[in-house]
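What follows is the residue order along each chain.
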Amino acid sequence: MQKKKLSVTHARDLGLLFTENDVKMIGQDGAYSIPIKSGETLWLFGDTFIGHFNEIGKRVIEEMPNNTGLICYSADAKNGLDDFSYLKDKSGKLRQLIPLEADEDGKVFRIWGMHGCYLNDKIYWYYIRVRILSEGVWPYKFDVEGSGLAVANYSELRFRRIKKEESTILWEKDEPCFGVAVLPVKQDGFVYLYGSYLKNWQHHCALARVPFDSLEYPEYYEYLTSSKPEWGHDVKQAISVMEGMPTEMSVSFNNYLGCYLAVHSYETTGKIVGRTAPYPWGPWSEPVTLWVPKVPLRNPLVYNGPLVYAGKEHPELARENGKIIYLTCVEFEEYFPRLIEVTLQ
């Protein structure tokens, strides 16, 4: 039973994350986190700029791996996060964690990591594959081709992609992108996966589940087909559990609230919102604003207002039993994760 209504008493901006580093990283988005063990967390990112800033502060990009990561050695975020180490290759350069397949041209395809989980000394990392379009302007110059799963032993973090019928695409482009949030629930024996899809120009969220020991087997995934709840193996029958969330979010159980808490950007409004539910499948409440980013209008010719996206919570950083939570979001031109501390009422 939910103990408290979702409401904010105070929020503060803790600044940009990981700007001081030893790998020449000058910008990245995504910023999902997967707790591994006490005080140690794997952070995962999308397109990552390697290079430097010139004398007028403009980025000079030398390389751009499209998925990267780091290990953070502290769960104390009240003053930011500065104890971390990026995952590098033997030469000391930041490495791409999920490599492209032989038939994927790096000028055409990118692999953008989403959320995942740590089970039995393995990292399960869901991703989307995108095709870069020859025409158009960023941030809308790509097409999502489908989503899949990569797996690695945590001791090595060398990811291999799971295949279904010889394809690394487990969910096709006309199906939800499962893995935008991943929620292991031990008492249920299932890992729940939230999947984003676009319908009538609005984002919707479907829900899948899979037993703890079967994540690598696509045939074991089930999809929520009714709010009763009922589950089935036909993804085409999956129902929507919430609307207005783009392709990144978080879902966790918040002990302070006594319920599940979903956090996401609210479409392209710039707002970061939260919703609550008694069960992983809902019913989900209407969105409550947790944070409104304060960034200047930079490029109104491309999009209306600052484009703030990738809103999510990092529940392993929470304090006071979940009363104080930590969120990240990314502004497109700033292009670093920004850390926000939110105190609930």
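To start, this report covers the structure provided alongside it.

The rules behind the values
Residues numbered from 1 in each chain as written. Predicted model: local features only at pLDDT ≥ 70, side-chain atom pairs only at ≥ 80, totals over all residues. Heavy atoms only, no water. Helix = DSSP H or I, 4+ residues; strand = E, 2+ residues; numbered from the N terminus. Rg over C-alpha atoms; globule rule 2.2 N^0.38 Å. Buried < 20%, exposed > 50% of the residue type's maximum accessible area, 1.4 Å probe, protein only. Pairing = 2+ DSSP bridges. Axes fitted to C-alpha atoms, helices over the stretch in contact; angles between N-to-C directions. Salt bridge = Lys/Arg side-chain N within 4 Å of Asp/Glu carboxyl O.

### Observations concerning the overall build of the protein chain
Point 1. Regarding its fold elements, the protein chain presents zero helices and 24 strands.
Point 2. Since a compact globule built from 345 residues should have a radius of gyration of about 20 Å, the 19 Å found for the protein chain is in line with a globular shape.
Point 3. Seen along its three principal axes, the alpha-carbon backbone of the protein chain occupies a region of about 60 × 50 × 45 Å.
Point 4. Scored against the burial criterion, the 345 residues of the protein chain give a buried share of 56%.

### Examining the sheet that holds strand β19 (residues 259-265)
Point 1. The sheet built from four strands is open, its strands ordered β18-β19-β20-β21 with antiparallel pairing. A single partner strand is all that each edge strand has here, and the edge strands are β18 (249-254) and β21 (288-291). Averaged over all pairs of adjacent strands, the angle between strand axes in this sheet comes to 30°, irrespective of strand direction.
Point 2. When β19 meets strand β20 (residues 272-277), the two strands line up antiparallel, connected through six bridges. By the bridge assignment for β20, alanine 262 is matched with arginine 275.

### Points about the pattern of salt bridges
Side-chain pairs of opposite charge can arise where the charged atoms are in close proximity.
Point 1. Tallying each qualifying case throughout the model produces 22 salt bridges.
Point 2. Where aspartate 13 meets arginine 338, a salt bridge forms, and the shortest distance between an N and an O atom there is 2.8 Å. Highlighted residues: aspartate 13 in strand β1 (residues 8-16) and arginine 338 in strand β24 (residues 337-344), separated in sequence by 325 residues.
Point 3. Glutamate 104 is the salt-bridge partner of arginine 161, the closest N and O atoms lying 2.9 Å from each other. One end of the pair, arginine 161, is in strand β10 (residues 160-161); the other, glutamate 104, is in the loop between β6 (84-86) and β7 (109-119), and 57 residues separate them in sequence.
Point 4. A relative accessible area of 5% means that glutamate 104 is categorised as buried.
Point 5. Among the charged side chains, a network of salt bridges with common partners joins Glu101, Glu104, Arg129, Arg131, Glu145 and Arg161.

### Here's the deal with the sheet that holds β24
Point 1. Strand order in the open sheet formed by four strands is β1-β24-β23-β22, with antiparallel pairing between adjacent strands. At either margin of the open sheet sits one strand with a lone partner, and together these are β1 and β22 (308-313). Ignoring strand direction, the axes of neighbouring strands in this sheet form an average angle of 25°.
Point 2. The pairing of β1 with β24 spans seven bridges and is classified as antiparallel. Bridged to leucine 16 within β24 is arginine 338.

These figures capture arrangement, not role.
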